[in-house]
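Residues per chain, in single letters:
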Amino acid sequence: MAQEVRGVIAPGKDEPVRIETIVVPDPGPGEAVVQIQACGVCHTDLHYKQGGINDEFPFLLGHEAAGVVESVGEGVTDVAPGDFVILNWRAVCGKCRACLRGRPWYCFDTHNATQRMTLASTGQELSPALGIGAFAEKTLVAAGQCTKVDPSVSAAVAGLLGCGVMAGIGAAINTGQVGRGDTVAVIGCGGVGDAAVAGASLAGAAKIIAVDIDEHKLTKAREMGATHTVNSRETDPVEAIRELTGGFGADVVIEAVGHPETYKQAFYARDLAGTVVLVGVPTPEMKLELPLLDVFGRGGSLKSSWYGDCLPSRDFPMLIDLHLQGRLDLEAFVTETIQLDEVEKAFERMHHGDVLRSVVVL
Ligand SMILES: [Zn+2]
Ligand SMILES: [Zn+2]
């Protein structure tokens with residue numbers, strides 16, 4: 001029997017979000033219905049609401065979530081009812097060229113639920129944010145979007161690994177390949193940047209330099225493991241990073257802003273043959289201009305990190321285990337827990353930049 005539950009809907013461009021009754025179908029082949037326990041409020045949800053992703057309104061928002069599998073459809077063997085899972089937006093196919101080459105984190109054919117959830121009032125089909133839609137009591141996803149983890153972790157903490165925190169940690173450990181003794185600089189210390197700081201710390205970086213224009217964010221970055229901070233409103237970050245690294249520049253610079261200016265800072269703040277990782281998301285009109293001779297002459301690699309190049313089945317359980325062992329403080333990312341009807345307020349607070357993550361707890 002299809003079920004009716006409450007969910008947070010973005011009805012149209014820039015309209016306030018509201019709670020509506022939605023219809024969640026029974027899981028079909030390869031699908032799962034998940035009872036959501038917690039879901040973080042991410043910038044991407046705000047972008048959906050603003051019409052910045054596409055115009056397939058109405059959206060069912062929310063995608064950084066953890067919960068318990070309620071039921072599964074035909075052919076689902078990896079998860080079962082009762083499993084505690086983190087939802088991911090990259091359920092790898094196992095069949096595309098990337099998957100067959102043994103690089104499933106680059107999967108070109110990730111999938112979502114085939115059936116659509118609908119609005120109970122009008123029957124209109126909903127577009128779930130990033131194929132998840134988890135600001136809801138229950139949601140329908142592809143079973144591959146569910147990754148089973150140790151259920152002793154709090155759901156509010158676990159859900160964050162589903163998006164922003166994984167993107168940041170992965171930018172450091174997967175894409176940047178930060179290793180023991182490396183020097184690392186992170187430009188932009190919001191949720192993703194702070195997660196990159198935490199990831200670099202976890203990987204054994206000797207020096208982690210956090211760069212931001214906001215003193216509060218720099219204080220927070222220190223709590224996450226930054227050994228040095230640079231306020232780039234007052235100090236030239238490239239000079240400062242060079243000074244802090246014996247005149248060389250950092251081995252890995254992670255750009256967590258997504259802007260040509262900060263990208264250039266990252267490019268020139270790295271050591272010769274160092275690595276730049278772009279994890280901040282630029283907007284379509286942005287252009288980058290760099291002397292090609294510098295790109296050649298400085299060597300190394302310029303990489304982009306999409307979802308932290310994560311493989312959920314490999315990374316989620318490992319990071320939850322490290323958290324439970326006290327080696328990765330994920331609690332520090334949860335600024336506040338809120339109710340389902342407070343998402344609109346959380347967007348406002350996010351806009352002012354005074355929260356790392358508001359997390360809806362159901
Ligand atoms: Zn694939
Ligand atoms: Zn997100």
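Residues numbered from 1 in each chain as written. Chains lettered and ligands numbered in written order. Predicted model: local features only at pLDDT ≥ 70, side-chain atom pairs only at ≥ 80, totals over all residues. Heavy atoms only, no water.

Digging into the overall build of the protein
Okay, step 1: Of regular secondary structure, the protein possesses 11 helices and 18 strands.
Okay, step 2: The globule rule puts the C-alpha radius of gyration for 362 residues at 21 Å, and the 20 Å found for the protein is close to it.
Okay, step 3: Taking the principal axes of the C-alpha coordinates as reference, the protein spans close to 65 × 40 × 40 Å.
Okay, step 4: Within the protein, the proportion of its 362 residues that are buried is 54%.
Okay, step 5: Considering only contacts in the protein between residues 6 or more positions apart, those separated by 24 or more positions represent 68%. (Helix = DSSP H or I, 4+ residues; strand = E, 2+ residues; numbered from the N terminus. Rg over C-alpha atoms; globule rule 2.2 N^0.38 Å. Buried < 20%, exposed > 50% of the residue type's maximum accessible area, 1.4 Å probe, protein only. Contact = heavy atoms within 4.5 Å.)

Remarks on the coordination of the zinc ion (ligand 1)
Okay, step 1: Coordination of the zinc ion (ligand 1) by the protein is provided by C93 (SG), C96 (SG), C99 (SG) and C107 (SG), with metal-donor distances spanning 2.3 to 2.4 Å.
Okay, step 2: Geometry at the zinc ion (ligand 1) is tetrahedral, judged from the four donor atoms that bind it and their angles of 106 to 117 degrees at the metal.
Okay, step 3: Mapped onto the sequence, the donors of the zinc ion (ligand 1) take the spacing C-x2-C-x2-C-x7-C. Here C93 and C96 have matching classes, each one buried. (Donors = N, O, S within 2.8 Å, 3.2 Å for Na, K, Ca; no water. Tetrahedral: all angles 85-135°; square planar, octahedral: opposite > 155°, others 65-115°.)

Brief notes about unusual backbone geometry
Okay, step 1: Residues F57 and P58 are joined by a peptide bond in cis, for which omega reads -5 degrees.
Okay, step 2: Its place among the elements puts P58 in the loop between helix 1 (43–49) and strand 4 (59–60).
Okay, step 3: The backbone of D14 sits at a positive phi, close to 60 degrees, despite the residue not being glycine.
Okay, step 4: Structurally, D14 is set in the loop between strand 1 (3–10) and strand 2 (18–24).
Okay, step 5: With a phi angle near 60 degrees, Y307 is a residue other than glycine that sits in the positive phi range.
Okay, step 6: Looking at where Y307 falls in the secondary structure, it is placed in the loop between strand 16 (301–304) and helix 10 (312–324).

Notes on the packing of aromatic side chains
Okay, step 1: Summed over the entire model, instances satisfying the criterion amount to six aromatic pairs.
Okay, step 2: Seen in terms of ring centroids, W89 and W306 are 5.5 Å apart; in terms of plane orientation they differ by 85 degrees. Their pairing is edge-to-face. One end of the pair, W89, is in the loop between strand 6 (84–87) and helix 2 (97–100); the other, W306, is in the loop between strand 16 and helix 10, with 217 residues separating them in the sequence.
Okay, step 3: Given the relative accessible area of 14%, W89 is considered buried.
Okay, step 4: The exposed category is assigned to W306, whose relative accessible area is 55%.
Okay, step 5: Put simply, the rings of Y48, F57 and F59 pair up and form one aromatic cluster.
Okay, step 6: Positioned above the aromatic ring of F267 is the side chain of R298, whose terminal nitrogen or guanidinium carbon lies 5.9 Å from the ring centre.
Okay, step 7: Here the basic side chain of R314 rests over the ring of W105, its NZ or CZ set 5.1 Å away from the ring centre. (Phe/Tyr/Trp six-rings, centres within 6.5 Å; stacked < 30°, edge-to-face > 60°. Lys NZ or Arg CZ within 6 Å of the ring centre and 35° of its normal.)

Focus on the pattern of salt bridges
Okay, step 1: Within this structure, the stated rule accounts for 12 salt bridges.
Okay, step 2: In this structure, R18 engages E20 in a salt bridge whose closest nitrogen and oxygen atoms are separated by 2.7 Å.
Okay, step 3: Overall, R18 belongs to the partly exposed group, its relative accessible area being 42%.
Okay, step 4: Given the relative accessible area of 17%, E20 is considered buried. (Salt bridge = Lys/Arg side-chain N within 4 Å of Asp/Glu carboxyl O.)

Observations concerning the sheet that holds strand 7 (residues 118–119)
Okay, step 1: If you walk across this open sheet you meet the five strands as 7-2-1-4-8, and the pairing is mixed. The open sheet is flanked by strand 7 and strand 8 (127–128), the only strands paired with a single partner. (Pairing = 2+ DSSP bridges.)

Notes on the environment of L340
Okay, step 1: You can see L340 is positioned in the loop between strand 17 (336–338) and helix 11 (343–352).
Okay, step 2: Along the primary structure L340 and V359 are separated by 19 residues, whereas in three dimensions their C-alpha atoms are 9.3 Å apart.
Okay, step 3: Other than its neighbours up to four places away in sequence, L340 contacts R6, V8, I19, F135, A136, V360 and L362.

Brief notes about the pairing of strand 1
Okay, step 1: Sheet topology note: the strand 1/strand 2 ladder contains seven bridges and is antiparallel. Bridged to V5 within strand 2 is I22.
Okay, step 2: Bridge analysis of strand 1 against strand 4 gives two bridges, and the strand direction is antiparallel. Within strand 4, the residue paired with A10 across the bridge is F59.

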